[in-house]
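# Residue-level structural notes
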Amino acid sequence: LTLLNAVHEIMPGSEKKEWMALLGKTIEPELTPLVLKHVLSEQIPKTTSDREEFSQISSVMATFEEKLKNLCIVEENYSVLTDYTANVDTHVATQQCQDILSQARSLLLQPLHNTTRAGAKDMVLALEKLQISTKSGNANLSQIEDTQISGSIQDLDISSLTFVFPSCEVSESINQLVTLLYDSLIK
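Below is a short write-up of the structure. Because the structure is a prediction, the values reported are computed rather than measured. (Residues numbered from 1 in each chain as written. Predicted model: local features only at pLDDT ≥ 70, side-chain atom pairs only at ≥ 80, totals over all residues. Heavy atoms only, no water.)

This paragraph deals with the overall build of the protein chain. Along its length, the protein chain carries eight helices and two strands. Going from N to C terminus, the protein chain has its helices and strands arranged as α-α-α-α-α-β-α-α-β-α. When burial is assessed residue by residue, the protein chain has 24% of its 187 residues classed as buried. (Helix = DSSP H or I, 4+ residues; strand = E, 2+ residues; numbered from the N terminus. Buried < 20%, exposed > 50% of the residue type's maximum accessible area, 1.4 Å probe, protein only.)

Have a look at this one:
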């Protein structure tokens, strides 16, 4: 920005806007992707709780865009950087999805012959985490009522052990993958 300010000062008054616009047409197509890739994308918060820190970056980018507009480097309707920072929630969600997919890929690449015991106790804990409920216990079937189930849902009596399976040997990596999926659903 200092260099651009210096060039702006050196230019003759009558041709200043034309030369700066020409310079902007040359610089902007390379400048924007670099700022997005190497500055903003690396500053995206990992969680929504870190969003307040990103608001400072958003205000800095708005100031930077305004200075570029004042120097006639970009057009008055240019708002790529501020639009990117305004969509921070989308970027956070995308980043979290990419992290989960990356973890899942690494788990799928682990050997399947390493096994661990899984069963009834693990399922009960997982179902409690997801707050799966039943009519006969601490149940609430309101979520199921909206689905397309033939017959009367009120006549259903689901045992609290319906989704509990006997103990067996499962791959450690698949067990970790299922745990990752349950944790993702909870988040």
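Next comes the rest of the account.
So, on to the side chain of S173. With respect to the secondary-structure elements, S173 resides in helix 8 (residues 172-186). Of the residues examined, S173 reaches a relative accessible area of 1% and is grouped as buried. When residues no more than four places from it in sequence are discounted, the contact partners of S173 are L107, Q110, P111 and L112. (Contact = heavy atoms within 4.5 Å.)

Two elements in contact, helix 2 (residues 16-43) and helix 3 (residues 51-70), have axes whose closest approach is 11 Å; the angle formed by their N-to-C orientations is 165°. When the interaxial angle is binned, helix 2 and helix 3 end up roughly antiparallel. At the point where helix 2 passes helix 3, the crossing takes the right-handed sense. Every residue of helix 3 that contacts helix 2 at L31, V35, V39, L40 and Q43 is listed here: F54, I57, M61, F64 and L68. (Axes fitted to C-alpha atoms, helices over the stretch in contact; angles between N-to-C directions. Parallel < 35°, antiparallel > 145°, perpendicular 65-115°, else oblique. Left-handed = near helix turned anticlockwise from the far one by under 90°.)

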